[in-house]
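Single-letter residue listing:
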Amino acid sequence: RTFLVRVFLGRDPSTGKRIYDNKTIHGSKKDAQQYLNGALRELDLGTFAGTDGTVVGALLDGLLLDYKINGKRYDWAELVVRVHLRPYFGSMKASKVGTDQIQAYIAARQEKQVRTMPGGKKRVIQPAANATINRELALLRRSFNLGRMATPPKIASTPFIPMLAENNVRKGFFEHDAFLAVRQALPEEVRPVITFAYYTGCRKGEILALKWVQVDLAERAVRLEPGETKNDEARMIPLAPELYEMLVLQKAVRDLHFPESPWVFSRSGAPILDFRAAWEDACKTAGLVDADGEPAKLFHDLRRTGVRNLIRAGVPERVAMMISGHKTRAVFDRYNIVSETDMKDAARRLGEYLAHKGTQTDARHTIGTQAPQDPII
């Protein structure tokens, strides 16, 4: 009542050895024959996934390779895989991942976590937003799809991966006083980074990757070439006076101490890779914390603020989109945030307008009700 079905898959390119897929069938010979016929049919169609127990970790490896060879956002994908997806799914067999496992992962990401980092330091990971979880699940689904489309297929199918509802309204932004307070509390080498973000709305990755060959101080502009931006489109970023003066000072320091360094923003000539801890400390020093004492501001809030500043300064929206690097109007509109100060300003203007209209009405009413003058005889 037990049969072994062996399907010949080909030969190993490096060793020439024959490769088989083995499947144990508990039942009758007819059951084994039916499985064999189906496997051979799928093999001919190129859809046979085999029974080798492919684990999700192997699929994630294929995902990262796809990101690397196609010039996608590899650093971001590698971080998500290493910190979140691989620790949870990596050792699971792909065939065992279903909706229940996906929902358990979502529930875990929606809770506050305390993780032990290298060196024994404890780090609190705040509950992830729905949009963040969806981006992570999109990577997981992509890894399954790549495995399914491989030749030969690594898996037979992609599980259903439910997505969460997203609230796309961006609420975080900096008022000028808060920006100055955080900047003052940051280490000296990081202050120019957030100044650039505040005035331009550029992404953190674009700012940290800036090199001096992209800066034209004579024309007071920074140029990002295709391949240096998220959407692979070239951009020209004009420099406001304070931004220009800051870059002039940056270049003078670089020419004096680190003349060989190509980086606009650096630590002793080396590129700045991360300043998360410094950012959290600066927010706490500036008093920008939530009820739990955690930082209430994100670096990305500077991008939203940069967009709002451009619009409030009267820059045409199309030009502001080109400076900040927003490709679609829908995304740009979510960043064009209205603050409480804007609402109060709107109320003040409305009051002034209605007061002016009331004055005009009173004047017309006074003119219309004046007693007729006595005729001149």
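To start, this report covers the structure provided alongside it.

Procedures and definitions
Residues numbered from 1 in each chain as written. Predicted model: local features only at pLDDT ≥ 70, side-chain atom pairs only at ≥ 80, totals over all residues. Heavy atoms only, no water. Salt bridge = Lys/Arg side-chain N within 4 Å of Asp/Glu carboxyl O. Helix = DSSP H or I, 4+ residues; strand = E, 2+ residues; numbered from the N terminus. Buried < 20%, exposed > 50% of the residue type's maximum accessible area, 1.4 Å probe, protein only. Axes fitted to C-alpha atoms, helices over the stretch in contact; angles between N-to-C directions. Parallel < 35°, antiparallel > 145°, perpendicular 65-115°, else oblique. Left-handed = near helix turned anticlockwise from the far one by under 90°. Contact = heavy atoms within 4.5 Å. Nonpolar A, V, L, I, M, F, W, Y, C, P; charged D, E, K, R; others polar. Core = buried A, V, L, I, M, F, W, Y, C linked by side-chain atoms within 4.5 Å. Pairing = 2+ DSSP bridges. Arc of directions from axis to C-beta. Phe/Tyr/Trp six-rings, centres within 6.5 Å; stacked < 30°, edge-to-face > 60°. Lys, Arg positive; Asp, Glu negative; His and termini not counted. Polar contact = N/O pair within 3.5 Å; in protein donor to acceptor, adjacent residues only side chain to side chain.

## Topic: the pattern of salt bridges
Close approach of charged atoms allows side chains of opposite charge to pair. Under the counting rule described, the total for this entry stands at 11 salt bridges. With a closest N to O distance of 2.9 Å, Arg86 and Asp61 form a salt bridge. Separated by 25 residues along the polypeptide, Arg86 in helix H3 (residues 74-89) and Asp61 in helix H2 (residues 56-69) bring together distant segments of the chain. Owing to a relative accessible area of 30%, Arg86 belongs among the partly exposed residues under this scheme.

## Considering the packing of helix H6 (residues 176-185) against helix H7 (residues 191-200)
Relative orientation of the contacting elements H6 and H7 amounts to 160°, with a least axis distance of 9 Å. One finds that H6 runs roughly antiparallel with respect to H7. For the element pair H6 and H7, the recorded crossing hand is right-handed. Along the contact surface, H6 presents His176, Phe179, Val182, Arg183 and Gln184, while H7 presents Arg191, Ile194, Thr195 and Tyr198. Taken together, the residues of the contact of H6 with H7 break down into four nonpolar, three polar and two charged.

## Structural notes on the nonpolar core
Soluble globular proteins: nonpolar side chains tend toward being buried together. Ranked by size, the top nonpolar core spans 40 residues in total, and within it Phe196, Phe265 and Trp279 carry the most contacts. Broken down by secondary-structure element, the contributors of at least two residues to this core are H6, H7, helix H8 (204-208), strand S6 (221-224), helix H9 (241-257), helix H10 (276-285), helix H11 (300-312) and helix H12 (317-324). Top contributing element to this core by residue count: H7, with five residues. Sequence-distant contacts of Phe196, that is, excluding residues within four places in its chain, are made with Gly201, Cys202, Ile207, Leu210, Val222, Leu239, Leu243, Met246, Leu247 and Phe265. Judged by nonpolar contacts, the second largest core, of 25 residues, contains Leu59, Leu63, Val81 and Phe144.

## Some thoughts on the sheet that holds strand S7 (residues 235-238)
The sheet built from three strands is open, its strands ordered S5-S6-S7 with antiparallel pairing. Strand pairing shows two members of the sheet lacking a second neighbour, strand S5 (215-216) and S7, which therefore form its edges. As judged from the two bridges shared by S5 and S6, these two strands associate in the antiparallel manner. Bridge pairing links Val215 to Val222 in S6.

## What about H6?
Restricting attention to buried positions, one finds in H6 the residues Ala178, Phe179, Val182 and Arg183. In a view along the axis of H6, the buried residues occupy a sector of 130°, so they form one face of it. Relative to its buried face, H6 has exposed residues pointing more than 90 degrees away, namely Asp177 and Gln184. Buried residues in H6 make contact with H7, H9, H10 and H11.

## As for unusual backbone geometry
A positive phi is found at Arg220, a non-glycine position, where the angle reads about 55°. A positive phi angle, near 55°, is found at Ser268, a position not held by glycine. By secondary structure assignment, the location of Ser268 is in the loop between strand S8 (266-267) and strand S9 (270-271). Taking the relative accessible area as the measure of exposure, Ser268 reaches 62% and is therefore exposed.

## Structural notes on the packing of H11 against H12
Each pair of packed helices gets described by two things: the angle between the helix axes and the distance between those axes. Across the interface, H11 lies against H12 with an axial gap of 9 Å and an inter-helix angle of 150°. Taken together, the axes of H11 and H12 are roughly antiparallel relative to one another. The chirality of how H11 crosses H12 is right-handed. When H11 is examined against H12, the residues Arg303, Val307, Leu310 and Ile311 are found in contact with a partner set consisting of Glu317, Ala320, Ile323 and Ser324. Across the contact of H11 with H12, the residue classes tally to five nonpolar, one polar and two charged.

## Things to note about the packing of aromatic side chains
Counted under the stated rule, the structure contains 10 aromatic pairs. Arranged with centres 6.1 Å apart and planes meeting at 80°, the rings of Phe174 and Trp279 form a pair that is edge-to-face. One end of the pair, Phe174, is in the loop between helix H5 (130-149) and H6; the other, Trp279, is in helix H10, and 105 residues separate them in sequence. Of the two residues, Phe174 and Trp279, both sit in the buried class. Residues Trp279 and Phe299 carry aromatic rings whose centres are separated by 5.8 Å and whose planes lie at 65° to one another, so their mutual orientation is edge-to-face. With a gap of 20 residues between them, Trp279 in helix H10 and Phe299 in the loop between H10 and H11 connect regions that are remote in the sequence. Just as Trp279 is buried, Phe299 falls in that class too.

## Points about the side chain of Lys297
Its location among the elements puts Lys297 in the loop between H10 and H11. There is no salt bridge for the buried Lys297, and the closest opposite charge comes from Asp301, which lies 5.0 Å off by N-O distance. From its side chain, Lys297 meets the backbone oxygen of Phe173 in a polar contact 2.6 Å long.

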